Amino acid sequence: MFKWFRKKQKPGGLIRRLFQLGPHSEGFYEKLEDALIEADIKASIAMEISDELRNSSQAGKLSSPEELRSFVRDVISQMILTVNLDPENNDNAIYLVLGVNGVGKTTSMAKLARRWLDAGRSVSFAAGDTFRAAAVDQLAVHAGRLGIKIFQQGQGADPSAVIFDGLESIKAKGEGILLADTAGRMHNKSQLVKELQKIDRVIRSKVDDPSYRRILVIDATTGQNGIQQAEVFHQALGIDGIILSKYDSRARGGLALSISRTLGIPFAYMGTGEGYGDISPMDPEALVESIMSAIEG
Ligand SMILES: Nc1nc2c(ncn2[C@@H]2O[C@H](COP(=O)(O)OP(=O)(O)OP(=O)(O)O)[C@@H](O)[C@H]2O)c(=O)[nH]1
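Residues numbered from 1 in each chain as written. Predicted model: local features only at pLDDT ≥ 70, side-chain atom pairs only at ≥ 80, totals over all residues. Heavy atoms only, no water.

### Comments concerning the packing of aromatic side chains
Argument step 1. Considering all chains together, one arrives at two aromatic pairs under this definition.
Argument step 2. A ring pair is formed by phenylalanine 28 and tyrosine 29, whose centres lie 4.9 Å apart and whose planes are at 70°; its orientation type is edge-to-face. Each member of the pair, phenylalanine 28 as well as tyrosine 29, is classed as buried.
Argument step 3. Pairing tyrosine 95 with tryptophan 116 gives two aromatic rings, centres 4.5 Å apart and planes at 40°, and the pair type is tilted. In this pair, tyrosine 95 sits in strand E1 (residues 93-98) while tryptophan 116 sits in helix H6 (residues 105-118), placing the two residues 21 residues apart along the sequence. Taken individually, tyrosine 95 and tryptophan 116 each receive the classification buried, so the pair is uniform in this respect.
Argument step 4. For lysine 149, the ring lying beneath its charged end belongs to phenylalanine 151, and the centroid distance is 4.9 Å.
Argument step 5. Over the aromatic face of tyrosine 212 sits the side chain of arginine 214, whose NZ or CZ is 4.3 Å from the ring centroid. (Phe/Tyr/Trp six-rings, centres within 6.5 Å; stacked < 30°, edge-to-face > 60°. Buried < 20%, exposed > 50% of the residue type's maximum accessible area, 1.4 Å probe, protein only. Helix = DSSP H or I, 4+ residues; strand = E, 2+ residues; numbered from the N terminus. Lys NZ or Arg CZ within 6 Å of the ring centre and 35° of its normal.)

### Re the domain arrangement of the protein
Argument step 1. By domain assignment, the protein separates into domain 1 (3-79) and domain 2 (93-281).
Argument step 2. Spacing between the C-alpha centres of domain 1 and domain 2 amounts to 35 Å.
Argument step 3. Domain 1 puts 12 residues into the contact, and the matching count from domain 2 is 15 residues.
Argument step 4. Of the roughly 1,200 Å² buried between domain 1 and domain 2 on both sides combined, carbon and sulfur atoms contribute 58%.
Argument step 5. Arginine 261 is the salt-bridge partner of glutamate 48, the closest N and O atoms lying 2.4 Å from each other. (Domains from an automatic or database assignment. Contact = heavy atoms within 4.5 Å. Buried area = accessible area lost by both parts, 1.4 Å probe. Salt bridge = Lys/Arg side-chain N within 4 Å of Asp/Glu carboxyl O.)

The following block contains the structure:
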């Protein structure tokens, strides 16, 4: 699986050049930090990685480019957080799906629905992005294709009411998973946060915490802007895990590393295409390899 991430396991050009310079030369750390930043890693984290190397007694003793590569790789691995957010039992569960417009929220909901339907679960949608009419329609198309129920009240409806309806229904029938969409943009940020917090209160009044998960979708191609997006949603609600969508378009994991390290949010899934089957649990090994490939150029 994901062989393309694992292609380059031998030390690439940068690691070989760094090895030739040696960890006692100043240029070594500068070049390493530049390569980390170019791979979408936040500057403060690039410095942290380089300091880790600088302060390690092991660094001066590295005897080959292979050892240098595996040292950098280990430091990066320790900074990446992943989590399994597949439902663990047959209880009712609600997944609130968050993210700014266009990141792949609706597609990711359809992919998760397919994944859990295939696992034998009953899944339905709540069309909680009532801000845009097209969002409800788009989700309804996916619901039709997947043959699942969608709770909807159309544009302008109160999203909390739509999600409440869905929750009441799965509670009455039992053993259901509700995937609830949310708006990705309102007139301003505080309005969006207020609305999301209202939805959060409504859900918490109906379900216990373990069966309520907040999933954020981040587009892997957004670069460092993704960190700010994660910060806003995490501060507003607390995020349990992230779907890194469009990972097939730009397999550089620097953004995931930056979010994990800065905000402590784990990554749950990666989107690897536009089809319903194109989602997998986040594979930390593949992620680290993609970061290494981006660093090595
Ligand atoms: N290559 C690729 N494309 C994806 C992936 N996930 C979503 N897309 C595409 O990204 C585009 C936007 O996806 P949507 O699901 O409509 O995004 P959204 O966040 O719901 O967008 P709005 O409803 O417009 O806010 C669509 O063309 C999807 O097919 C992925 O993992 N890989």
